[in-house]
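# Structure at a glance
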Protein chains: 2
Amino acid sequence: MSYKTYVILKMAINLEEQKIREHPLLREWVADAVRDMIAKGKLKPGEHICETRLASELGISRTPLREAIRLLETEGFLHVVPRRGAVVRDISIKDVTEIYEIKAALEGLSARLAARHFNKKDIERLKEINNELTKLAEKNDVNKFFKMHNQFHDYFLRASGNERLYQMNCSLIEQIHRLRLLSFTLEGRFEEAIEQHERIIKAFEKRDAELAERLVSENVMMGYRAVTTKLKQTKTA
Amino acid sequence: MSYKTYVILKMAINLEEQKIREHPLLREWVADAVRDMIAKGKLKPGEHICETRLASELGISRTPLREAIRLLETEGFLHVVPRRGAVVRDISIKDVTEIYEIKAALEGLSARLAARHFNKKDIERLKEINNELTKLAEKNDVNKFFKMHNQFHDYFLRASGNERLYQMNCSLIEQIHRLRLLSFTLEGRFEEAIEQHERIIKAFEKRDAELAERLVSENVMMGYRAVTTKLKQTKTA
DNA sequence: TACCTGTATACTGTATACAATTTTCACTCC
DNA sequence: GGAGTGAAAATTGTATACAGTATACAGGTA
């Protein structure tokens, strides 16, 4: 996707939002582009990023690229060594473990916080999503299932009322986006998730915040097991 | 502190580390400087940062300042609106609440993880630190107490073996550094902390990871109450 | 061969220049 | 007086230029 296309899309998507988006920033586009290149394997782990070359490849100058690199560094996509440049970070099992340990704690917390002020409407929404998931599981549509599944989790992350919590979680899962998607191709993964979601919903219905927290944490760690299973499969294959 | 002084200091401190530090980066120095200016009130909440002016004040160009601004944005010190620049973020009670909720979860997690492989030597170290704290409490040395107190918490955050967890916690507490320091001037705060630390140490001794997690979380939330108490005191004063 | 060493090259860090946008403010009109 | 208007000033976004550092490699030495 060219920068111009990106601009038009951004404008279309955010038409009613603040006019901030009317003029997208190169640094944001570049960050998106580089993340994409890493996800698609166009930039391989361990590969050194030459600012001059990448900037010219993207048709921009080094300045916005450098600002994007700073962002991608804090997001964990790149490792920057002063005066030697940025290299694409490899995600090891250790990294995945670290991320999931934190994710379990954060999502669990969000469930506990959200449970405090969840009402019938919220519960209904979660049930709706889970019903959709059942349908998508029957169709075996991995991509749509993945997206809807994320909506389920997003729901209480947002409902927690803790904006930082939501952002931190987003930043974490972005790093393992592809692995998570892959993990849903595992046999029985759909059903497993749906069943656990049901238990989580019941905990919300009972207004049992502690239980909701525990179940959500366990649910995350199940995701961890799925991801590592898949990771080992692909590494040996 | 001038940039040259900073360079010399950095070199002295990191003499044995990678030679990376031999040539400090302006963007890092600038980030430190701006954080400091915010902490010291030289840059006030809500104040707009004019890149041109600040850069010339610091005696550098806009490029490294801009890169530092990106960093400070992700750290939560600044709020950047595209094409309108950066403003110093105000820390509201809501922010403090968000930060402490997350901090409690993260530190609790680190205690649980650390408890798994804590040995006698680790416990001894924690006891040592707590003894030091008792002495400093008698001397009523707030600054030294604060530093030593942080060492106590750092110990199991590091021992968790989860590097990201440690980094994320650092990034969080940096935002409330001054508030936390202030909170230690509250009557009875020292004793309260020392006593809770003792209970935490006992949990580690019993190898009760769940208990350690709970106690550490509670300890963090006690810190939260202290900070908000102090915050209200100063706002009304 | 293995190990320096100096130089050429490539690359990053920083400064500056230019372009595009936002803000300011005097001015007009109602 | 207040809302709207338009040009000037200020400010951010982006590109480019330059300086200093790291890397690669050729040639020399033990």
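Here the structure is a predicted model, which is why all the values come from computation and not from measurement.

## Some points on the overall build of chain A
- Along chain A, the regular secondary structure elements total eleven helices and three strands.
- Of the regular secondary structure in chain A, the N- to C-terminal order runs α-α-β-α-α-β-β-α-α-α-α-α-α-α.
- Within chain A, the proportion of its 237 residues that are buried is 34%.
- Sequence-distant contacts in chain A: of pairs separated by 6 or more residues, those separated by 24 or more amount to 71%.

## Section: the relation of the copies chain A and chain B
- Of the transformation placing chain A onto chain B, the axial shift is 0.0 Å and the rotation is 180°, giving an RMSD of 0.1 Å. Both copies are brought into coincidence by an operation consistent with a two-fold rotation axis.
- Taken as a fraction of all interface residues of chain A, those also at the interface in chain B reach 100%, which identifies the copy contact as same-surface.

## Things to note about the domain arrangement of chain A
- In terms of domain boundaries, chain A breaks down into domain 1 (3–88) and domain 2 (93–236).
- Taken over C-alpha atoms, the centre of domain 1 of chain A sits 28 Å from the centre of domain 2 of chain A.

## Description of the sheet that holds strand 2 (residues 78–81) of chain A
Residue and element names in this part refer to chain A.
- Pairing is antiparallel in the open sheet, where three strands are placed in the order 1-3-2. Of all the strands in the sheet, the pair left with one neighbour each is strand 1 (48–49) and strand 2.
- In this sheet, strand 3 (residues 85–88) lies alongside strand 2 in antiparallel orientation, the contact comprising four bridges. Pairing of Val80 across the sheet is with Ala86, part of strand 3.
- Most of the contacts of helix 4 (residues 62–74) go to strand 2, to which it runs at about 115°, and overall it touches strand 2 and strand 3.

## What to know about the packing of helix 2 (residues 26–39) of chain A against helix 4 of chain A
Residue and element names in this part refer to chain A.
- Two elements in contact, helix 2 and helix 4, have axes separated by 8 Å at closest approach and are oriented at 60°. Classed by the angle they form, the pair helix 2 and helix 4 counts as oblique. Crossing hand, helix 2 versus helix 4: right-handed. Contact with helix 2, carried on its side by Leu26, Arg27, Val30, Ala31, Val34 and Arg35, involves Pro64, Leu65, Glu67, Ala68, Leu71 and Leu72 of helix 4 and no other residues of that element.
- Here the contact of helix 2 with helix 4 is built from residues that sort into nine nonpolar, no polar and three charged.

## Some words on the protein's contact with DNA strand D
- Taken together, 20 residues are adjacent to DNA strand D, and Leu26, Ser61 and Thr63 of chain A together with Glu51 and Gly85 of chain B come closest.
- The set of elements that each furnish at least two residues to the surface near DNA strand D consists of helix 2 and helix 4 of chain A together with helix 3 (51–58) of chain B.
- Here the residues of the surface near DNA strand D sort into seven nonpolar, six polar and seven charged.

## Considerations on unusual backbone geometry
- In this structure, Arg83 of chain A is a non-glycine residue whose phi angle is positive, near 65°.
- Tracing the backbone through its elements, the reader meets Arg83 of chain A in the loop between strand 2 and strand 3.

## A word on the interface of chain A and chain B
- Each partner contributes residues to the interface: chain A has 24 residues there, and chain B has 24 residues.
- Where the side of chain A that touches chain B is concerned, the elements lending two or more residues are helix 4, helix 5 (93–116) and helix 8 (163–175) of chain A.
- By residue number, the principal contributor to the side of chain A that touches chain B is helix 5 of chain A, which donates eight residues.
- Residues belonging to the side of chain A that touches chain B are distributed by class as follows: 13 nonpolar, three polar and eight charged.

## A word on the nonpolar core
- Core analysis: the biggest nonpolar cluster contains 71 residues, and Ala105, Phe204 and Ala212 of chain A together with Ala105, Phe204 and Ala212 of chain B have the highest contact counts within it.
- Non-local contacts of Phe204 of chain B, meaning those with residues more than four positions away in its chain, are made with Ala115, Phe118, Ile123, Leu126 and Ala212 of chain B.

## Considerations on the protein's contact with DNA strand C
- Near DNA strand C there are 20 residues, and of these Glu51 and Gly85 of chain A together with Leu26, Ser61 and Thr63 of chain B occur at the shortest range.
- Elements supplying a minimum of two residues to the surface near DNA strand C: helix 3 (51–58) of chain A together with helix 2 (26–39) and helix 4 (62–74) of chain B.
- Of all the elements, helix 4 of chain B adds the most residues to the surface near DNA strand C, at three residues.
- Its residues assigned to classes, the surface near DNA strand C comprises seven nonpolar, six polar and seven charged.

## Some points on helix 5 (residues 93–116) of chain B
- Along its 24 residues, helix 5 of chain B runs 35 Å from first to last C-alpha, staying within 8% of the 34 Å computed at 1.5 Å per residue.
- Across the 24 residues that make up helix 5 of chain B, a large majority, 18, are buried.

## Topic: the sheet that holds strand 1 (residues 48–49) of chain B
Residue and element names in this part refer to chain B.
- The antiparallel open sheet is built from three strands, whose spatial order is 1-3-2. On the outer flanks of this sheet lie strand 1 and strand 2 (78–81), each paired with one strand and no other.
- As judged from the two bridges shared by strand 1 and strand 3 (residues 85–88), these two strands associate in the antiparallel manner. When the sheet's bridge partners are listed, His48 is paired in strand 3 with Val87.
- Sitting on the sheet, helix 4 touches strand 2 and strand 3, and the angle it makes with strand 2 is about 115°.

## Quick look at the confidence of the model for chain A
- Of the residues in chain A, 90% reach a pLDDT of 70 or more, and the chain-wide mean stands at 90.
- This model gives residues 11–22 of chain A a pLDDT under 50, and the stretch forms six contacts once residues within four places in sequence are excluded.

## A closer look at helix 8 (residues 163–175) of chain B
- Here helix 8 of chain B spans 19 Å end to end across 13 residues, near enough to the 18 Å set by a 1.5 Å rise per residue.
- Those residues of helix 8 of chain B lying buried are Leu165, Met168, Asn169, Leu172 and Gln175 of chain B. Seen end-on, helix 8 of chain B carries its buried residues on one side only, within an arc spanning 120°.
- Among the structural elements, helix 5 of chain A together with helix 5 and helix 7 (142–159) of chain B are those in contact with the buried residues of helix 8 of chain B.

## Let's talk about the packing of helix 3 of chain B against helix 4 of chain B
Residues and elements named next belong to chain B.
- The interhelical angle for the contact between helix 3 and helix 4, taken along N-to-C directions, is 110°, at an axis separation of 9 Å. Relative to helix 4, helix 3 is oriented roughly perpendicular. Here the hand of the crossing between helix 3 and helix 4 comes out right-handed. Residues Glu51, Thr52, Leu54 and Ala55 of helix 3 lie in contact with helix 4, whose contacting residues are Arg62, Leu65 and Arg66.
- Among the residues making up the contact of helix 3 with helix 4, the classes are represented as three nonpolar, one polar and three charged.

Procedures and definitions
Residues numbered from 1 in each chain as written. Chains lettered and ligands numbered in written order. Predicted model: local features only at pLDDT ≥ 70, side-chain atom pairs only at ≥ 80, totals over all residues. Helix = DSSP H or I, 4+ residues; strand = E, 2+ residues; numbered from the N terminus. Buried ≥ 20, exposed ≤ 12 C-beta atoms within 10 Å, placed from the backbone. Contact = placed C-beta atoms within 7 Å. Least-squares fit on C-alpha atoms with pLDDT ≥ 70 in both. Domains from an automatic or database assignment. Pairing = 2+ DSSP bridges. Axes fitted to C-alpha atoms, helices over the stretch in contact; angles between N-to-C directions. Parallel < 35°, antiparallel > 145°, perpendicular 65-115°, else oblique. Left-handed = near helix turned anticlockwise from the far one by under 90°. Nonpolar A, V, L, I, M, F, W, Y, C, P; charged D, E, K, R; others polar. Near = placed C-beta within 6 Å. Core = buried A, V, L, I, M, F, W, Y, C linked by C-beta atoms within 7 Å. Expected span 1.5 Å × (residues − 1). pLDDT = per-residue confidence, 0-100. Arc of directions from axis to C-beta.

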